[in-house]
Amino acid sequence: MDADHSGPTEAGKKPSRPGAASSAPPVDETDTRAAPPESVEAGLIQAQGAVGPSADSAVAPARVPDRSRPASGIAALSLPYQIAAAVALSVIGLWSCVHIAMVFLHVAPSNTLTKQHGEAVDRWIYPEFEQNWKLFAPNPLQQNISVQVRAEVTGGGADGSRTTRWIDLSGDDGEAIRGNPLPSHVEQNELRRAWDFFVGSHDSENRANGLRGELSERYIRRIVMLRLDEHGYGGTVERFQVRSSTRSVGAPPWSDEKISTEPEYRELPWWTVTESDLSGTGRDQVSAVRKAEG
């Protein structure tokens, strides 16, 4: 038999049988190092797409708005509640507009509207929304006025009677108001209005000008007794004396104006305490005077 003179087969390759088709596709032995960068990059992207996106090359998909999220606010309410909320907001807005208009008319100079509807404005403003200043006032307040009192007290373990120091009632009101976001209307205006009422109905000699003068005197006597009762000196107040201390507001540092800030006093005579001035009966009568004064 003739010897087989066929050359040796390459390592790692099987000899092909004649007439048999290869079942495996031909291996592409192209050297990728010699391929253009664009081809390599495209091949890598294609290969990654076949295997799956890597952590570095993964791109977050666009977020689709979640339309299943429930509504919030008024829109989340049912129709009847939405109508009720809209009506309530409308009422609050209307009230706010009316209140702002009333306060403006109250503090504005006299005009046609205030002359025609002044009574309605006063009913809206007093007593809770009272303002003690005027808009565009040509002569704003330039003085600090405080009402003070001293009393003659008997009993309480002391021999005879004694006279207390001057008590600054206006200062007590100021301390109660300072730092209080919701101060009492009484602390803000009761004593101040009572003193204005008294001064306006008395002459410089402290003589009353008719019935309003007598009414203002009874009014301030009862207020003072209520304040003395709060201080509690451990005895019986036999009589008391009221005075006012008036100080002019000093000039600002940049002004050359010279203004004296020394206090000026207006002392009333000593008043003997009567039964109507005491806290029990006097408290009810103070309320009646407040209503009469308007």
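Conventions adopted
Residues numbered from 1 in each chain as written. Predicted model: local features only at pLDDT ≥ 70, side-chain atom pairs only at ≥ 80, totals over all residues. Heavy atoms only, no water. Phe/Tyr/Trp six-rings, centres within 6.5 Å; stacked < 30°, edge-to-face > 60°. Helix = DSSP H or I, 4+ residues; strand = E, 2+ residues; numbered from the N terminus. Buried < 20%, exposed > 50% of the residue type's maximum accessible area, 1.4 Å probe, protein only. Pairing = 2+ DSSP bridges. Axes fitted to C-alpha atoms, helices over the stretch in contact; angles between N-to-C directions. Parallel < 35°, antiparallel > 145°, perpendicular 65-115°, else oblique. Left-handed = near helix turned anticlockwise from the far one by under 90°. Contact = heavy atoms within 4.5 Å.

Asker: Even after reading the chapter, I still don't get the packing of aromatic side chains, so can you show me in this structure?
Answerer: Each aromatic ring pair is summarised here by two numbers: the centre-to-centre distance and the angle between the ring planes. Taken as a whole and assessed by the stated rule, the structure comprises four aromatic pairs. Aromatic pair Trp-195 and Phe-198: ring centres 5.6 Å apart, planes at 20°, arrangement stacked. Here Trp-195 and its partner Phe-198 are both found in helix H5 (residues 185-200), three residues apart, which amounts to about one turn of the helix. For the pair Trp-195 and Phe-198, a shared accessibility class is recorded, and that class is buried. For the ring pair Phe-198 and Trp-271, a centre distance of 6.2 Å and an interplane angle of 70° mean the geometry is edge-to-face. Remark: Trp-271 occurs in strand S6 (residues 271-272) and Phe-198 occurs in helix H5; sequence separation between them is 73 residues. Through successive ring pairs, a cluster of aromatic residues spans Trp-195, Phe-198, Phe-240 and Trp-271.

Asker: How do you make sense of the pairing of strand S4 (residues 236-248) when you look at a structure like this?
Answerer: The pairing of strand S1 (residues 143-154) with S4 spans 12 bridges and is classified as antiparallel. Paired with Arg-150 across the strands is Gln-241, a residue of S4. By the bridge criterion, two bridges tie S4 to S6 in an arrangement that is antiparallel. Bridge pairing links Phe-240 to Trp-271 in S6. Direction of pairing for S4 relative to strand S5 (residues 264-267): antiparallel, over a ladder of four bridges. Each bridged residue has a counterpart across the sheet, and for Thr-246 the counterpart in S5 is Glu-264.

Asker: What is the right way to look at the packing of helix H4 (residues 169-177) against H5 in this model?
Answerer: At their nearest, the axes of H4 and H5 sit 9 Å apart, and the two run at 160° to each other. As far as their axial angle goes, H5 and H4 are roughly antiparallel. Crossing hand, H4 versus H5: left-handed. For the pair formed by H4 and H5, the contact residues are Leu-169, Ser-170, Asp-173, Ala-176 and Ile-177 on the first element and Glu-187, Gln-188 and Leu-191 on the second.

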